[in-house]
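# Analysis of the macromolecular model
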Amino acid sequence: MDKIILIGGGGHCRSVIDAAESVGLRIAGVLERPGSESGAFDYPVVGCDDDIELFAPDHRFIVTLGSIADPSRRVALANMVCKAGGRFATVAASTARVSPHARVGEGTVVLHHALVNAGADVGSNCIVNSGTIVEHDCQVGDFTHISTNATVNGGCHIGRRCFIGSGTVVAQGVTIADDVVVGAGSLVLHDIESAGVYYGKI
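Residues numbered from 1 in each chain as written. Predicted model: local features only at pLDDT ≥ 70, side-chain atom pairs only at ≥ 80, totals over all residues. Heavy atoms only, no water.

### Considering the overall build of the chain
Of the regular secondary structure elements, the chain holds three helices and 23 strands. Computed over its C-alpha atoms, the radius of gyration of the chain comes to 16 Å, within 12% of the 17 Å expected for a compact globule of 202 residues. With the C-alpha coordinates of the chain rotated into their principal frame, the extents come out at 45 × 30 × 30 Å. Residues counted as buried form 48% of the 202 residues belonging to the chain. When the accessible surface of the chain is summed, it comes to about 8900 Å², and 49% of that surface belongs to carbon and sulfur atoms. Distance from the positive charge centre (14 side chains) to the negative charge centre (21 side chains) of the chain: 2 Å. (Helix = DSSP H or I, 4+ residues; strand = E, 2+ residues; numbered from the N terminus. Rg over C-alpha atoms; globule rule 2.2 N^0.38 Å. Buried < 20%, exposed > 50% of the residue type's maximum accessible area, 1.4 Å probe, protein only. Areas by Shrake-Rupley, 256 points an atom, 1.4 Å probe, with all protein chains shown as cover. Lys, Arg positive; Asp, Glu negative; His and termini not counted. Charge placed at Lys NZ, Arg CZ, Asp CG, Glu CD.)

Below, the structure is given as structure tokens:
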């Protein structure tokens, strides 16, 4: 079993650790920016972002820096892994349910009590957060974060680098463009065709 290096040691890292431990994955350590304090429980800080290439030959990576409105740093870190020839790990917590008829891309984490249902296609380096539902036949683009207890109903198309806030409901068949932020508790009934920040009943 490959050992895993986590990139970023904050709150999201702790959630990923819990999910990874629940399925017996081996975590070798955490990479943090110089001077940062890791909150990654007892796992050691083994270097900083610039050390990714040192671990690339015999480890897999998960970008455990969280994101809300701006995923650019997550994207940059993932690109550093790719440039170093590294590979990503994919994690689904023990209490999550990922249908065998769904696809989840490399580097994506599916946290506790989340559901990715049959026919769904979730991209690379996504966050499917605790209690989230991604229903049948949805498509979710790379680097998108679907936050806690959000529901994305069947046949939706969510673009790349989006953030769908906690408790949001996206109605069946809705399409959301790339680079969209939807605020917590929103109700998305219609397509969102342009990048931007949206909230409320849309």
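So, next bit.
### Considering unusual backbone geometry
The phi angle of most residues is negative, glycine excepted, and most peptide bonds adopt the trans form. The phi angle at Asp 137 is positive, at roughly 65°, despite the residue not being glycine. Structurally, Asp 137 can be placed in the loop between β13 (133-134) and β14 (139-140). Look at Asp 137 and you get partly exposed, because its relative accessible area is 43%. Positive phi, close to 60°, is recorded for Asp 179, a residue that is not glycine. Along the chain, Asp 179 turns up in the loop between β20 (175-176) and β21 (180-182).

### Section: the environment of Pro 71
Within the element layout of this structure, Pro 71 appears in the loop between β4 (59-63) and α3 (72-83). Take Pro 71: its relative accessible area is 8%, and that puts it in the buried class. It is 8.2 Å that separates the C-alpha atoms of Pro 71 and Cys 162, two residues lying 91 residues apart in sequence. With near-sequence residues (within four places) excluded, Pro 71 lies in contact with Phe 143 and Arg 161. (Contact = heavy atoms within 4.5 Å.)

### Details of the sheet that holds strand β10 (residues 115-116)
By definition, the strands of a sheet pair up through backbone hydrogen bonds, in either a parallel or an antiparallel sense. Taken in spatial order, the six strands line up as β7-β10-β13-β16-β19-β22 in an open sheet, and their pairing is parallel. With one partner strand each, in any of the chains shown, β7 (97-98) and β22 (187-188) form the two edges of the open sheet. Bridge analysis of β13 against strand β16 (residues 151-152) gives two bridges, and the strand direction is parallel. Looking across to β16, one finds that Ile 133 is bridged to Thr 151. (Pairing = 2+ DSSP bridges.)

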